[in-house]
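Breakdown of the fold
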Amino acid sequence: MTFLHHHRWLTPYLLLAPGIAFLVVFFVVPLYYLGYTSLQEGTVQVGYTFTWAWDNYSNAFDQYREQFVRSLEYAGIATVAALLISYPLTYWIAFRGGRWKNLLLLFIIAPFFVTYLIRTLAWQNILSDDGLVVNALQLLGLVAEDGRVLATSTAVIAGITYNFLPFMALPLYVSLEQIDKDLIEAAKDLYASSTKAFLRVTLPLSMPGVIAGTLLTFIPAAGDFINAELLGTPNQAMIGNVIQSKFLEITDYGQAAALSVILMVVILLLIVVYTRLVGTERLAG
Amino acid sequence: MKDPFHRTNHPITREQLLRRAAVGGVTLSLPGLLAACGGGGGIEGQQPETEATTVEQVLVDEITVSNWPFYIDQNDDATKFPTLEQFTEETGVKVNYLEDINSNEEFFGEIQAPLSRGQSIDRDIIVPTAWLCARLLNLGYLQKLDKSAIPNIVNLEDSLASPVWDPNREYSLPWQSYITGLGYDPKKVGGELTSVEQLLDPALKGKITMLDSMEDTIGLFLLEMGVDPSGEIDPTAYDEAVAKVQKAVDDDQIRQFTGNDYTGPLSKGDVWASIAWSGDIVILQADYPNLEFTIPDTGGMTSVDTMVIPTGGDVYTASTFMNFFYDPEIAAKVAAYINYITPVKGTKEAITEIDPALAKDPLIFPTPEVLENVYEFNAEAIENVDYQEKWQAVIGV
């Protein structure tokens, strides 16, 4: 105790120590190793050597631009779709859910007690070529008679939207639930229409949830590979599929690591632009 | 009635083994004990060859075996592996049986890192396809078998006795062979299939799958082009075969590239025809009699999934395990369930007692004509990095 008395300045650092240690072990070291690997070349047979192989980066970008663009596109569409589904849903739960709030929230989360893989495989059955869903869509003329849903980009995007929905819905719910209802009432007292009250009061106050939700959905979605693998064809392969196969199947660790670094940097840049546009201070509420 | 546990080449009992171990017990050393603990991790490097011959002949309590899914007999509700239980009953060795090999490439990716550092992968036996076993051997990741524990090796089919990469079967023993051909539903396809070219018919657009293993899919296309895939493969011929598949991908003709997982969509009817493995289709036919398996007129592909002992595995116990499955009676039980091609002589006779119809199934006991029409992909070409990259580009990753 006396030691800390004399070295008061140490206290904050000591309190930070576990967190810093965690970050070093689970973030800094892997990141360094990833960067190091990305500049290696070689094969399993001859071994891998560090050669400042910048080629890995230029090759990765040239060869897999298509998959990069596709990943960002799918992740973007899925994020918007998840937002459009989650907002009314969580709005209703937060403002009209009453005493059923917790139960309704549980309904959103319940499917996610089942493992990711099984849930995605279930979509193979649901969207099966001769299944109820596809037959119904064909009757409605939304899908051509000989058309299909499974193994198309629609299926992949739908799968991603479904699988990441809770990451959107939960932060949204939290920020909507925290809104003081009196503020909306006050807006109406000042002759704001319901629409105007929503646009000027509710929506701005829920922005932290929107931002957190979109980030939490977009980032993992851009790196996802399960949905493209199980619900798509080779023409729907995302960058995650490429990285997975480079790491695990052809053991081209250098290029796999380079692809991972590129993906990370691209996402980071997008986030910087995004948060600049909408304002980071809103993230903190 | 014949005693089901009586077997022709009965291995020594556990008591005998223990006695034998006690006699040789003076040599029981710490490294020996460590090795006997089977995959405790951190066993350094490969055992030097001289040591392999004097390995302690003591069975460990449990061994871990990695195999492909649906590659061993199960009871009716798929809760037990009867032959593995019989092995445990006879030897006292428990088997931790993992069905965790789905693709050779992926499995290699998983085990490569520890093996390259000379570490154990906590497995005593793994069962990759022959070309990967050859690679593992070249990299020094395998241990020699203890042949003194495998008297049943005399039952190994002659045609499989000396592969180029392990001519005396010192490091490896076949588990099962398979044939790659076409699995399909004739009603949906609208007739017989006799060639891979037919898979490219626009009428089947989006209704076919191909295997993601290059040797299977490209092998069939090469055969159709009149190129023998077991010999030297000319780069122009290879490129031509790859271009055909690439065009099918671009046209949205191919729904997916798969491992074993084509069986689901094929049986559900979402997929009408697949490049497929013989045994899978025989198994599916039990529930889906509408499915057919055929070898294209120009030939099919074949290979051997092979048991090997990786670094850190317990050689003696693993060898005892291999010996057990080289008993024709046991091999027959496995073959009767999984319907692949067994490498064990005498299985056909033994299987007649289980189900005479099986002994006549040409997919389980192929006729000489069938065997003449199947080819094993050139192992060097499989290892060709340029070929690998071109193939990966086709399958979209």
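Keep in mind that this is a model prediction, so the values were computed, not measured.

**Quick word on the overall build of chain A**
For chain A, the count of helices and strands is 13 helices and two strands. Each principal axis of the C-alpha distribution contributes one length, and for chain A these read about 80 × 75 × 35 Å. The buried share of chain A, reckoned over its 285 residues, is 32%. Across chain A, contacts joining residues at least 24 apart in sequence account for 69% of those joining residues at least 6 apart.

**Some thoughts on the interface of chain B and chain A**
Contacts between chain B and chain A engage 23 residues on the former and 20 residues on the latter. Element by element, the count of residues in the side of chain B that touches chain A is highest for helix H5 (residues 104–116) of chain B, at six residues. Classifying every residue of the side of chain B that touches chain A gives seven nonpolar, nine polar and seven charged.

**Some words on the pairing of strand E1 (residues 62–66) of chain B**
Residues and elements named next belong to chain B. The buried fraction of E1 is high, at four of five residues. Across five bridges, E1 lies against strand E2 (residues 94–98) in parallel orientation. Across the sheet, Ile 63 pairs through a bridge with Val 95, a residue of E2. The β-α-β motif built from E1, the intervening helix H4 (residues 82–91) and the parallel element E2 has right-handed crossover chirality. Here E1 pairs with strand E3 (residues 125–126) via two bridges, running parallel. Within the sheet, the bridge partner assigned to Val 65 lies in E3 and is Ile 125.

**Things to note about the packing of helix H13 (residues 328–338) of chain B against helix H14 (residues 347–354) of chain B**
Each pair of packed helices can be summarised by the angle the axes make with each other and by the distance between the axes. Residue and element names in this part refer to chain B. Across the interface, H13 lies against H14 with an axial gap of 8 Å and an inter-helix angle of 60 degrees. By the angle between their axes, H13 is oblique relative to H14. The two elements H13 and H14 cross, and the hand of that crossing is right-handed. Every residue of H14 that contacts H13 at Pro 328, Glu 329, Ala 331, Ala 332, Ala 335 and Ala 336 is listed here: Thr 347, Glu 349, Ala 350, Ile 351 and Ile 354. Class assignment for the residues of the contact of H13 with H14 results in eight nonpolar, one polar and two charged.

**Remarks on the domain arrangement of chain B**
In many reports, interface size means the accessible area that the parts give up when they come together. Residue and element names in this part refer to chain B. Per the domain assignment, the segments making up chain B are domain 1 (14–176 + 304–356) and domain 2 (178–302 + 372–394). Per element, the largest residue contribution to the side of domain 1 that touches domain 2 is three residues, and it comes from helix H6 (residues 130–138). Tallied by class, the residues present in the side of domain 1 that touches domain 2 amount to eight nonpolar, five polar and one charged.

**Side note on the nonpolar core**
Residues and elements named next belong to chain B. Ranked by internal contacts, the top residues of the largest apolar core, which has 110 residues, are Ile 125, Ala 273 and Met 322. Per-domain counts for this core show at least three residues from each of domain 1 (14–176 + 304–356) and domain 2 (178–302 + 372–394). The residues contacting Ile 125, other than those within four sequence positions of it, are Ile 63, Val 65, Met 307, Ile 309, Gly 313, Ala 318 and Phe 321.

**Focus on the environment of Ala 53 of chain A**
All names here are of chain A. Within the secondary structure layout, Ala 53 lies in the loop between strand E2 (47–50) and helix H3 (55–63). C-alpha separation for the pair Ala 53 and Tyr 74, spaced 21 residues apart in sequence, amounts to 30 Å. Among residues more than four places away in sequence, those in contact with Ala 53 are Leu 39, Gln 40, Glu 41 and Gly 254.

About the criteria used
Residues numbered from 1 in each chain as written. Chains lettered and ligands numbered in written order. Predicted model: local features only at pLDDT ≥ 70, side-chain atom pairs only at ≥ 80, totals over all residues. Helix = DSSP H or I, 4+ residues; strand = E, 2+ residues; numbered from the N terminus. Buried ≥ 20, exposed ≤ 12 C-beta atoms within 10 Å, placed from the backbone. Contact = placed C-beta atoms within 7 Å. Nonpolar A, V, L, I, M, F, W, Y, C, P; charged D, E, K, R; others polar. Pairing = 2+ DSSP bridges. Right-handed = clockwise from strand over helix to strand, strands pointing away. Axes fitted to C-alpha atoms, helices over the stretch in contact; angles between N-to-C directions. Parallel < 35°, antiparallel > 145°, perpendicular 65-115°, else oblique. Left-handed = near helix turned anticlockwise from the far one by under 90°. Domains from an automatic or database assignment. Core = buried A, V, L, I, M, F, W, Y, C linked by C-beta atoms within 7 Å.

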